[in-house]
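# Structure at a glance
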Amino acid sequence: QVQLRESGGGLVQAGGSLRLSCVASGSIFSINAMGWYRQGPGKERELVAAKSRGGTTTYAGSVKDRFIISRDNAKNTLYLQMNSLKPEDTAMYYCANLDSGYWGQGTQVTVSS
C-alpha cells in the first residue's frame, strides 16, 4: 500500500484559490480511482472529488464548477485545484486511494469571510 502525503492547504480569503497536492510513496498507475475527502468541524466526512485511471471524474454538488481534480501518474501525484473558495469549504482535506479506502494524514484548508 502506497503512503499518501497531502500538502498545499492554508488560510485564504473567500474567493481565493488553493492547489492541493497528494504525493504517493509509490506508483499510482494501477490504482483505478483516487479522490479527495474533506471533513469540516462538526460535519461528516464527504467525498469531494474522484478521478479514475481512465479519466472519468465525479464531484460533489457543492464544489462542482469550482474544484478540479487531476492526476499525474508519472509523478505519482493527485491534485485538487480549488477556486472561488467559500467559508463552507473550510475542512481537513484527505487524499485517498478509493480502491482500498486508504487515505493520508490530511491538509487543513481554512477560508475566511
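Residues numbered from 1 in each chain as written. Predicted model: local features only at pLDDT ≥ 70, side-chain atom pairs only at ≥ 80, totals over all residues. Heavy atoms only, no water.

To continue, consider the side chain of Ser52. Counting through the fold element by element, Ser52 comes out in strand β5 (residues 46-52). The contact partners of Ser52, leaving out residues within four places of it in the chain, are Asn32, Ala33 and Arg71. (Helix = DSSP H or I, 4+ residues; strand = E, 2+ residues; numbered from the N terminus. Contact = heavy atoms within 4.5 Å.)

In spatial order, the strands read β1-β3-β8-β7; together these 4 strands make up an open sheet with antiparallel pairing. Because the sheet does not close on itself, it has two edges, and the strands there are β1 (4-7) and β7 (67-72). Sheet twist, expressed as the mean angle between neighbouring strand axes with direction ignored, is 15°. (Pairing = 2+ DSSP bridges. Axes fitted to C-alpha atoms, helices over the stretch in contact; angles between N-to-C directions.)

With that out of the way, let us pick up the environment of Ala14. Following the sequence through the fold, Ala14 ends up in the loop between β2 (10-13) and β3 (18-24). For Ala14, a relative accessible area of 40% gives the class partly exposed. In the structure, Ala14 is positioned 79 residues away from Tyr93 in sequence and 17 Å away in space, judged by C-alpha atoms. (Buried < 20%, exposed > 50% of the residue type's maximum accessible area, 1.4 Å probe, protein only.)

Attention now goes to the pattern of salt bridges. All told, the structure shown has 3 salt bridges when counted by the stated rule. One salt bridge connects Arg38 with Glu46, and the closest N-O pair in it is separated by 2.7 Å. Judged by relative accessible area, which is 32%, Glu46 ranks as partly exposed. A salt bridge links Asp89 to Arg66, with the shortest nitrogen-to-oxygen separation between them at 2.8 Å. Taken as a pair, Asp89 in the loop between β8 (77-82) and β9 (91-97) and Arg66 in the loop between β6 (57-59) and β7 lie far apart in primary sequence, 23 residues in all. Overlapping salt bridges bring together Arg38, Glu46, Arg66 and Asp89 as one network. (Salt bridge = Lys/Arg side-chain N within 4 Å of Asp/Glu carboxyl O.)

Enumeration over the complete set of coordinates arrives at 0 aromatic pairs. In this arrangement the basic side chain of Arg45 is found over the ring face of Trp103, its NZ or CZ atom lying 4.0 Å from the centre. (Phe/Tyr/Trp six-rings, centres within 6.5 Å; stacked < 30°, edge-to-face > 60°. Lys NZ or Arg CZ within 6 Å of the ring centre and 35° of its normal.)

Next up on the list: unusual backbone geometry. If you check the backbone angles, Asp65 has positive phi at about 75° while not being a glycine. Looking at where Asp65 falls in the secondary structure, it is placed in the loop between β6 and β7. Overall, the relative accessible area of 77% leaves Asp65 in the exposed class. Of note in the backbone geometry, Ser84 takes a positive phi value of approximately 50° without being a glycine. Inspection of the secondary structure puts Ser84 in the loop between β8 and β9.

Across the 6 residues that make up β8, a large majority, 5, are buried. Pairing analysis gives 6 bridges linking β3 to β8, with the strands arranged antiparallel. Of the residues in β8, the one forming a bridge with Val23 is Thr77. The sheet contact formed by β7 and β8 spans 6 bridges and is antiparallel. Among the inter-strand pairings, Arg71 is bridged to a residue of β8, identified as Leu78. Counted along the chain from β7 to the antiparallel partner β8, the turn is 4 residues long, and its residue Asn76 has a positive phi close to 55°.

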